[in-house]
There are 2 protein chains.
Amino acid sequence: MRQDKIGIAYENKTQNSKALFTRGTRLFAGGINHNVRLFKPYPFFSEGANGKFIFDVDSNRYTDYWMGHWSLILGHSPKPVVKTLSEQLHKGTLYGTPNGASLELAELIQKLMPSAELLRFSSTGSEATMYAVRLARAKSRKRVIAKITGGWHGFNTTLMHSVNYPFHSPEGTGLIAEEEQFVESLPFNNLDSSLKILQSVIDDIACILLEPILAGAGCITPDINYLLGLQEFAHKNDILLIFDEIVTGFRLSIGGAIQKYGLNPDLFTLGKIVGGGMPIGVVCGKKEIMTLADPTIPADSEFRCNIGGGTYSCNPMTMMAGLATIKYLDENKNEIYSKIDGLGAKARSGLTKIFSEANIDAHITGEGSLFLTHFLNDKVKIIKNATDVSLSDQKSLYRYHLALMTLNQIFFLPGKMGAISYEHSEADIDQLLMATQRILESGLV
Amino acid sequence: MRQDKIGIAYENKTQNSKALFTRGTRLFAGGINHNVRLFKPYPFFSEGANGKFIFDVDSNRYTDYWMGHWSLILGHSPKPVVKTLSEQLHKGTLYGTPNGASLELAELIQKLMPSAELLRFSSTGSEATMYAVRLARAKSRKRVIAKITGGWHGFNTTLMHSVNYPFHSPEGTGLIAEEEQFVESLPFNNLDSSLKILQSVIDDIACILLEPILAGAGCITPDINYLLGLQEFAHKNDILLIFDEIVTGFRLSIGGAIQKYGLNPDLFTLGKIVGGGMPIGVVCGKKEIMTLADPTIPADSEFRCNIGGGTYSCNPMTMMAGLATIKYLDENKNEIYSKIDGLGAKARSGLTKIFSEANIDAHITGEGSLFLTHFLNDKVKIIKNATDVSLSDQKSLYRYHLALMTLNQIFFLPGKMGAISYEHSEADIDQLLMATQRILESGLV
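Residues numbered from 1 in each chain as written. Chains lettered and ligands numbered in written order. Predicted model: local features only at pLDDT ≥ 70, side-chain atom pairs only at ≥ 80, totals over all residues. Heavy atoms only, no water.

Report on the overall build of chain A, specifying residues and quantitative values.
When you go through chain A residue by residue, the secondary structure sums to 16 helices and 14 strands. Taking 445 residues into account, the globule formula puts the C-alpha radius of gyration at 22 Å, and chain A, at 22 Å, falls close to it. Based on the C-alpha atoms only, the size of chain A along its principal axes is roughly 65 × 55 × 45 Å. Looking at chain A as a whole, 68% of its 445 residues qualify as buried. As displayed, chain A offers around 14600 Å² of accessible surface, 50% of which is attributable to carbon and sulfur atoms. (Helix = DSSP H or I, 4+ residues; strand = E, 2+ residues; numbered from the N terminus. Rg over C-alpha atoms; globule rule 2.2 N^0.38 Å. Buried < 20%, exposed > 50% of the residue type's maximum accessible area, 1.4 Å probe, protein only. Areas by Shrake-Rupley, 256 points an atom, 1.4 Å probe, with all protein chains shown as cover.)

In structure tokens, the structure reads:
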């Protein structure tokens, strides 16, 4: 009933989107090109975006906390990116050859994240994690990948396992058991259990791969001792350690989670922010591992590992957009991170207070500029891993996000965490808090 | 010795590239981000590109036949693409939400390639082929993939097998035998042998996946009866047939190889041209297969197949660039394809004549706007599959391409086929022919 009321209000103000979505169902399975973008009754269709705002085809303007899958730390179409791309456009979008901008971007990453002794650019995060695992298997001559239960590393065949609740079933059809058998999943923030699982596959384990903060699984922050415990175990047992910093890189700090938490991975992956709004994935890490990708190694050598690359790798549009973004972040890092982290803290503490005062049992997770509200219930009293998120009251979360979108022009992709950009302001967080209060008071959630 | 002379001339005119390449070796394994882009002594670094030209950092201007991995059928930075991207830039590069342009592009593809009953956009060709295979396995409930010996479908783990001579060894380390066991490779243009191999795995075969023209393997054109024979066998035995049209789509005709050869696949993939110079991959095909990707199917259903997607899927820059390109191709298809096909025919016949008159045994392969010169030898008298290419005189081909680049400012990625764009002219082909004649006369090749 409450769902219906918000749903009807949403439909009323998104009639053009509704028509486009119906048209889309004749083109795309389920009307969509990325599963996560689908929500009920249907997603709005965007017509434009600028700064912190995204506009739909019904002239609704939303304050955007989804921000291009959390990629747009400077907001939509930031000036430095628009400027450089406007120029680059006329000079070619795809050389298919090496170019100087790729060196500048790589050197800047290396400066800010010294663990990147060597780098390889690809075009998507899903490619980057797939290649990182391939390198780890090549280096270790072992096969098992330990990932986190619920950890998300893209749709690649290698890592599309143990992603969705209940986690132990295959992630849909078309994936083969012979490959899946080499993926083990570890419960986040539970070191004892994780080490036991690792110990059980110790003879054949190639790598431990994890996000420092579980992003897609529900904005779950780490117990730092969990990360360090895994790291210690990995180093002690010659297991390669890979941090997937596709979301946290240049988000948690200018040096990512690695810098913020003092981590020491063998490999790590980047994406999202580092592309400045253009397609990118990056594998970075220790020279002794990354050099296995050197194409001058003879093809029949036991040390040669083939990774992409791809047609669009290092394309000058992505390189220039990424360079403009990371340069801007580097030059203004103090202002930027103190601002967005401060807004994140304000959102988390403000929301915590509002839910508490409304006697609604909620846990606002997050760190820095990332945050997500979880509605608790009898089964879940605190969020520390992906199972907790799955068992929490997700229906209320969806309803809350849909109400924010419909009644308050505030866009979170329903169920997913928000990312604050440099374009967001104190006033935006105040609005979010007031909107939340109104929603709770009206009994909509 | 002859190699050295051209190599020295190349180095003399690409000193800035040499310095950048050296700098790159401290950042990237082998100095490169895509294996195929590496050639000796080192690849030049691009500073810009326009129309049919690409410019390096030493102010050399080359007539480009590599054309962004054969993607840029309208040349570098064509006006319709520059115009639409200049506008889109200010309206956001990455919405992370559905948008109308994706519907328009999908509808246009559907109109031109009716086999695309449903579509799914991703960001790279490597993703598209990986998802096509996953869908085929999901639909068929079988595991074996038959691909062509030497066939190239990207760096994804599933299809990175049987790519490089001698084809039967693993393609480097880090790939696992448990997955590789499900890939069978078929000798291109040899129907009897191919059918025998297919028959030997008939109980577990999910799909046959092939490029209509082997592109990366050496611009190898099909015996049409080979394609139709595989198709007949597939249809008769309920094996899914997938054509990888990433190179040939919108290249061989406005309806791709499917239209030109009258093919009838279950699924097909697109990339390159369809992105208008921006990152893209597309899986297209029959509704009954594509619907398995519908995210509204319950997660625990045996019919649910999870494919990407990805952060950048359907991003408005790619959608607008692709739409501008395909619209332009559609509106001008008669002029465009008759022009580029004519230039291709002129290049092939002209080169054939020149090599013949010089008494050099060569086979100029290709079709439409694609062509490649193969230097024959005692082992290889005609090019009909990837083994022939591998055993042909590739050193002479590299030397020829390096001489074209160095002495005549004509750029083929050494060893790889050329793709003619709408920007190329009769005069360019004349230049290519004259340059070839001079190179042969001077005994450099």
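That covers the picture; the talk isn't over yet.
Give me the lowdown on the pattern of salt bridges, citing residues and values where you can.
Counted by the stated rule, this structure contains 34 salt bridges over all chains. A salt bridge links K236 of chain B to E232 of chain B, with the nearest nitrogen and oxygen atoms 3.6 Å apart. You can see K236 of chain B and its partner E232 of chain B sitting in helix α9 (residues 224-236), four residues apart, about one turn around the helix. With relative accessibility at 64%, the residue K236 of chain B sits in the exposed group. For the salt bridge of K260 of chain B with E367 of chain B, the shortest nitrogen-to-oxygen distance reads 3.4 Å. Residue K260 of chain B is located in helix α10 (residues 256-261), and its partner E367 of chain B is located in strand β11 (residues 362-367); the two are separated by 107 residues in the primary sequence. On the basis of relative accessible area, K260 of chain B is assigned to the partly exposed category, the value being 36%. Several salt bridges converge on common partners, so that one network encompasses K111, D330 and K333 of chain A. (Salt bridge = Lys/Arg side-chain N within 4 Å of Asp/Glu carboxyl O.)

For the domain arrangement of chain A, give the residues involved together with the corresponding values.
All names here are of chain A. Here chain A is partitioned into domain 1 (3-77 + 333-441) and domain 2 (79-331). Domain 1 puts 35 residues into the contact, and the matching count from domain 2 is 34 residues. With both chains or domains summed, domain 1 and domain 2 bury close to 2900 Å², and 63% of this area falls on carbon and sulfur atoms. Area buried by domain 1 at its contact with domain 2 is led by K333, Y337 and E367, which between them contribute 21% of it. In this structure, the connection of domain 1 to domain 2 is made through two salt bridges. In this structure, D330 and K333 form a salt bridge, with 3.0 Å as the shortest nitrogen-oxygen distance. Run the count over domain 1 and domain 2 and you get 13 residue pairs in polar contact (both at pLDDT 80 or more). Secondary-structure elements contributing two or more residues to the side of domain 1 that touches domain 2 are α3 (67-70), α13 (333-357), β11 (362-367), β12 (370-375) and α14 (386-391). Among the residues making up the side of domain 1 that touches domain 2, the classes are represented as 18 nonpolar, 12 polar and five charged. (Domains from an automatic or database assignment. Contact = heavy atoms within 4.5 Å. Buried area = accessible area lost by both parts, 1.4 Å probe. Polar contact = N/O pair within 3.5 Å; in protein donor to acceptor, adjacent residues only side chain to side chain. Nonpolar A, V, L, I, M, F, W, Y, C, P; charged D, E, K, R; others polar.)

I'd like to hear about the sheet that holds strand β2 (residues 53-56) of chain B, residue by residue, with values.
Residues and elements named next belong to chain B. Strand order in the open sheet formed by four strands is β1-β2-β3-β13, and the pairing between neighbours is mixed. Looking at strand neighbours, the two that pair on one side only are β1 (46-50) and β13 (410-411), the edges of this open sheet. With three bridges joining them, β2 and strand β3 (residues 61-64) adopt antiparallel strand pairing. Following the sheet pairing, I54 is matched in β3 by Y62. (Pairing = 2+ DSSP bridges.)

How would you sum up the sheet that holds strand β12 (residues 370-375) of chain B? Please name residues and give values.
Residue and element names in this part refer to chain B. A sheet is described by the order of its strands in space; here three strands give the open sequence β11-β12-β14, paired in antiparallel fashion. Looking along the sheet, the strands with just one partner apiece sit at the ends: β11 and β14 (418-419). Where β11 lies against β12, six bridges are found, and the strand directions are antiparallel. Bridge pairing in β12 places H363 opposite H374.

Can you lay out the pairing of strand β4 (residues 118-122) of chain B for me, pointing to particular residues and giving the numbers?
In regular strands, side chains alternate between the two faces of the sheet. Residues and elements named next belong to chain B. Across the five residues that make up β4, a large majority, five, are buried. Of the two faces of β4, the one lined by L118, R120 and S122 and the one lined by L119 and F121 are each fully buried. Of the pairings in the sheet, the one linking β4 to strand β10 (residues 281-285) comprises five bridges and is antiparallel in character. If you follow R120 over to β10, its bridge partner there is V283.

Give a detailed account of the interface of chain B and chain A, specifying residues and quantitative values.
Listed by partner, the interface residues are 111 residues for chain B and 111 residues for chain A. Here chain B packs against chain A, burying approximately 9100 Å² in sum over the two surfaces, 58% of which is carbon and sulfur. The tally of links from chain B across to chain A stands at four salt bridges. Residue R23 of chain B is joined to E107 of chain A by a salt bridge in which the shortest nitrogen-to-oxygen separation is 2.8 Å.

So what's going on with the relation of the copies chain B and chain A? Which residues, and what values?
Placing chain B over chain A gives an RMSD of 0.0 Å and needs a rotation angle of 180 degrees, together with 0.0 Å of translation along the axis. Such a combination of turn and shift is consistent with a two-fold rotation axis. The share of interface residues of chain B whose copies in chain A are also at the interface is 100%, consistent with both copies meeting through the same surface. (Least-squares fit on C-alpha atoms with pLDDT ≥ 70 in both.)

Could you give an account of the packing of helix α5 (residues 100-112) of chain A against helix α12 (residues 316-331) of chain A, with specific residues and numbers?
Residue and element names in this part refer to chain A. Contact geometry for α5 and α12: axes closest at 9 Å, N-to-C directions at 35 degrees. When you trace α5 past α12, the crossing you get is left-handed. Every residue of α12 that contacts α5 at A101, S102, E104, L105, L108, K111 and L112 is listed here: M319, M320, G322, L323, I326, K327 and D330. Its residues placed into classes, the contact of α5 with α12 shows eight nonpolar, two polar and four charged. (Axes fitted to C-alpha atoms, helices over the stretch in contact; angles between N-to-C directions. Left-handed = near helix turned anticlockwise from the far one by under 90°.)

Lay out the packing of aromatic side chains with the relevant residues and their values.
In the structure shown here, the tally under the stated rule is 38 aromatic pairs over all chains. Judged by centre distance (5.8 Å) and plane angle (90 degrees), the ring pair of Y165 of chain A and F167 of chain A falls under edge-to-face. Among the residues examined, F167 of chain A registers a relative accessible area of 10% and is labelled buried. Aromatic pair Y65 of chain B and F412 of chain B: ring centres 4.8 Å apart, planes at 5 degrees, arrangement stacked. You can see Y65 of chain B sitting in the loop between β3 and α3 (67-70) and its partner F412 of chain B sitting in the loop between β13 and β14, a full 347 residues away along the chain. Across the pair, exposure class does not vary: Y65 of chain B and F412 of chain B are buried alike. Members of the aromatic cluster, each reached through a chain of ring pairs, are Y10, F21, F39 and Y42 of chain A. (Phe/Tyr/Trp six-rings, centres within 6.5 Å; stacked < 30°, edge-to-face > 60°.)

Got a sec to walk through the state of the cysteines? Specific residues and values, please.
Summed over the entire model, instances satisfying the criterion amount to zero disulfides over all chains. With no disulfide of its own, C207 of chain B lies 12 Å from the sulfur of C305 of chain B, the closest cysteine sulfur. (Disulfide = S-S within 2.5 Å.)

Residues and numbers for α9 of chain B, please.
Residues and elements named next belong to chain B. With 13 residues, α9 extends 18 Å between its outermost C-alpha atoms, agreeing within 8% with the 18 Å of an ideal straight helix rising 1.5 Å per residue. Its buried side turned inward, α9 meets β5 (144-148), β6 (183-186), α8 (191-200), β7 (205-210), β8 (240-244) and α10. At the N-terminal end of α9, a side-chain oxygen is found 2.9 Å from the backbone nitrogen of N225, two or three residues along, and the residue is D223. (Expected span 1.5 Å × (residues − 1).)

Go over the side chain of H69 of chain A with me, naming the residues and quoting the values.
Along the chain, the position of H69 of chain A falls in helix α3. In this structure the side chain of H69 of chain A is engaged in a polar contact, spanning 3.0 Å, whose partner is the side chain of R37 of chain A. Those residues in contact with H69 of chain A that lie beyond four places of it in its chain are H34, V36, R37 and K272 of chain A together with G96, G310 and T311 of chain B.

Summarise helix α5 (residues 100-112) of chain B; cite the residues concerned and give the values.
Taking 1.5 Å as the rise per residue, α5 of chain B with 13 residues should run 18 Å; its terminal C-alpha atoms sit 19 Å apart, in good agreement. Considered for burial, the residues of α5 of chain B that qualify are G100, A101, S102, L103, L105, A106, L108, I109 and L112 of chain B. Looking at the buried residues of α5 of chain B, the elements they touch are α2 (15-25) and β1 (46-50) of chain A together with β4, α10, β9 (267-271) and α12 (316-331) of chain B.

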